[in-house]
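# Fold and geometry: a report
For reference, the chains in residue letters:
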Amino acid sequence: MKYSKRYIAFTFILALIFVSNFYIYANDSSTLGAFRGAQIDNKVWSPLVAANVNGTTIRLKIENKEYTSEDEHVYMDENRNIMVPVSMLRDALNSSAHVYNQNELLVEKHSLTADFKLADDNGFVQYKGQFYASLDKLSKLLDMTCSFDTATNTLTMTDKSEGVSAVPTKYDLRDRQRVSLIRDQGSYGTCWAFAAIAAMESTALSHGVADNKATLDMSEYNVAYMAFDDRTFADPLGGTDGDNTYTDDMTEALSRGGNQTMVFRAMSKWAGMVNESDCAYPDATATRYSYDASKLQYILTGVRQINMQDRDYVKKAVMENGAASMYYYDSDIYANNEYYYNYKIKSTNHAVTIVGWDDTISRDNFKSTDSDGTEYVPEGDGAWLIKNSWGSSNYRTNGGYMWISYYDLSANSGNATYYEVAKKDSYDYNYQYDGNTEIGYGLIGSTGADFILANKYANVFTVKKGTGTQKLDAVAFGVKDANTSYSIQIYKNPALNIEDANGTITGNTDNPESGTPLLDTPVTGKTTFAGYYTVNMPSTVKLDEGDTFAVVITFDDETSMDYSYIFSDTAGSTSVSRNNESYYAPSGKLVDMYETYLKKYSINMCIKAFTSKVSDKLSVPQITKAESTDNNGARLEWQNVDGAEGYELFRSTAANGTYNMLGSFTDNSYVDNSVRCGKKYYYKVRAYKTFSGERIYSDYSTVQVVVVEIPIATVTGNINDNVVTLSV
């Protein structure tokens, strides 16, 4: 009886501790402590802690970035590990993160690696069709601090790796199964399309967008065709109607060459990517192709351009994101089998893909002799591992791969370009106006019509009739400046001038910022490099059919953004701009470009809005398991509901009695340890999601009953060690 009193007293103190939300994060001991000899196992304590933590908002502060469980599906597991989706690790940790063969996770940061397998039960799990990793486990392997503040439910991680090399000495994406197969561009001048697609395929493999390098085969011909002739592309929202590039001789066009701006323009309006089987590469004569939106497989969500002389930045991009395309001047004169070093010419004529590097590869491999007998050797060791597009048996490659010296003159005169891609169903609609693909102008670092400078830009869109209620998922924009801070706000139904059927514009209240702000606080960020960015929006912006909304982007300094336009009235390219579409602020106030001298250039800013269809309805999560446990508890499991952010579980002691909420959970199961033996309990559950600042609920599930069984308890003890172990 004496030990029973101790156990009762200990249980009472445990309850008080739990109510006060006390716990020690990442305590891996087999027991959490003892009360006068009685011990409680982690198997009992940890699930109680996890349930309490998951019932409130979890906050993450990682490398000066902040996340919450309201924005990302973050949860604490039953071992008190904070689990996050693998998909957010790259951004959160500034690392590469890739799942191989659906069962192995490899995370690389600096020159450190963390390798997990599902079967090892070590902090890498698959849950609700997604892969999750433990931040605590990762922090130990990646030399980061990790702490949890119980008062604010906040986990903080910081990098403590001093003296660790930012990148490894050698790196090869092929060893990590993140490079697609070698392709052959044939006789056409389409290296630029092959280099871009190879980089996009590597990105898809690096981030779980695609998982099989042997079967992944995006169409290069689709990219090239849409860049030269996009007349068969139809914008479902009509925003780019009238913006076209076209040719009557595709065979000739394919021999012209191209650039990454053309790739960006065609793919950012979702005119690809499609599978090779749906748009096969032609032989000697170009084949006619009509774009079919139903064949779309992947969409472009990001582009970055990094100066090739910023070697470590290029390496980090390859590690974290996947392969990057680059340009150099190619000639047999500068080739030594698969080793290449151009010491003379700065211009470029060929595009390839960087898939790795080796700092130790000897410069002697790149020796070449000029026509006057002078021998040239790079000033140092090291080279880029290059994937070419000349097939696997080209005499100047090794199975389709080659090495270009770090000191190649032409390679160092340009940029490396990496891409970000997503699955086609990531969003439903792309609101945009910049549909023109005029060659040689536009993106990032080009010398086209960069005469537009402002610190604020806006595009105004209207939700098309028949498209239904939508939520704003993300905003995308192209910018030509690096390290520029930005702020994004969304305004609903602003006051705008009106253009009549005769083209007469009336009104003097034209102001995209005059509408109702839809974000409690603007979304802020900073560009890293010149490029195209997709920025996620809070899940609170609801848009109904007929709503007009303005996307306003403010920069901390005058900035040149990307835009489509007609520089000259040349055949093969058309562009249309309209009233109330694109705005800029040359002197502090936003003005409609269509109402200024810029009208003649048909300019539209590269500002896009990505939305998804939404419904106010949630399916009912029926309870699939309701049973008594061996530890005198009640275990409940229920169905997963698409679109649900979480679930609320209720309990009553009578079928028609009052139901009290046990908690809010992101998991699909819960063990109720607050029940009493021999009693009958009634449970029901409902799903919820937050939209436009309001919580929307499903109907309640059918009530399920659990009778908690009365166990036969056997108490054993070791009095000499002053330890009592209870087992049932």
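Predicted, not measured: the structure shown is a model, and the values here were computed from it.

Spatially, β7-β8-β9 is the arrangement adopted by the three strands of the open sheet, whose pairing is antiparallel. Across the chains shown, the open sheet's two edge strands, defined by having one partner strand only, are β7 (96-100) and β9 (112-117). Averaged over all pairs of adjacent strands, the angle between strand axes in this sheet comes to 15 degrees, irrespective of strand direction. The pairing of strand β8 (residues 104-109) with β9 spans six bridges and is classified as antiparallel. When the bridges of β9 are listed, E108 appears paired with T113.

In this section: the pairing of strand β12 (residues 144-149). Successive residues of a regular strand alternate their side chains across the two faces of the sheet. In this structure, β12 lies alongside strand β13 (residues 154-159), joined through six bridges in antiparallel fashion. Counted as the bridge partner of T145 is T158 from β13. Between β12 and β13, which follow one another and run antiparallel, lie four residues, and N153 among them has a positive phi close to 60 degrees.

This part is about the packing of aromatic side chains. Per the stated rule, a full pass over the model turns up 37 aromatic pairs. Ring geometry for W270 and F610: centres 5.3 Å apart, planes at 40 degrees, overall tilted. One end of the pair, W270, is in the loop between α8 (260-268) and β16 (298-307); the other, F610, is in strand β42 (residues 607-613), and 340 residues separate them in sequence. Just as W270 is buried, F610 falls in that class too. Ring geometry for Y427 versus F610: centroids 4.9 Å apart, planes at 40 degrees, classification tilted. With Y427 in the loop between β25 (415-423) and β26 (429-431) and F610 in strand β42, this pair connects stretches of sequence that are 183 residues apart. F610 shares its class with Y427; the two are buried.

All right, on to the confidence of the model for the protein chain then. The predicted model of the protein chain averages 87 in pLDDT, with 88% of residues at 70 or higher. In this model residues 1-39 is a low-confidence stretch, pLDDT under 50, and it forms 61 contacts with partners more than four residues away in sequence or in other chains. In the model, residues 440-449 has pLDDT below 50 throughout and makes 32 contacts with residues more than four positions away in sequence or in other chains.

Within this structure, the stated rule accounts for 32 salt bridges. The salt bridge involving K65 is made with D91; its shortest N-O contact spans 3.6 Å. With K65 in strand β4 (residues 65-68) and D91 in helix α3 (residues 89-93), this residue pair connects regions lying 26 residues apart in the sequence. Taking relative accessible area as the criterion, K65 reaches 23% and is therefore assigned partly exposed.

Cut-offs and rules
- Residues numbered from 1 in each chain as written.
- Predicted model: local features only at pLDDT ≥ 70, side-chain atom pairs only at ≥ 80, totals over all residues.
- Heavy atoms only, no water.
- Pairing = 2+ DSSP bridges.
- Helix = DSSP H or I, 4+ residues; strand = E, 2+ residues; numbered from the N terminus.
- Axes fitted to C-alpha atoms, helices over the stretch in contact; angles between N-to-C directions.
- Phe/Tyr/Trp six-rings, centres within 6.5 Å; stacked < 30°, edge-to-face > 60°.
- Buried < 20%, exposed > 50% of the residue type's maximum accessible area, 1.4 Å probe, protein only.
- pLDDT = per-residue confidence, 0-100.
- Contact = heavy atoms within 4.5 Å.
- Salt bridge = Lys/Arg side-chain N within 4 Å of Asp/Glu carboxyl O.

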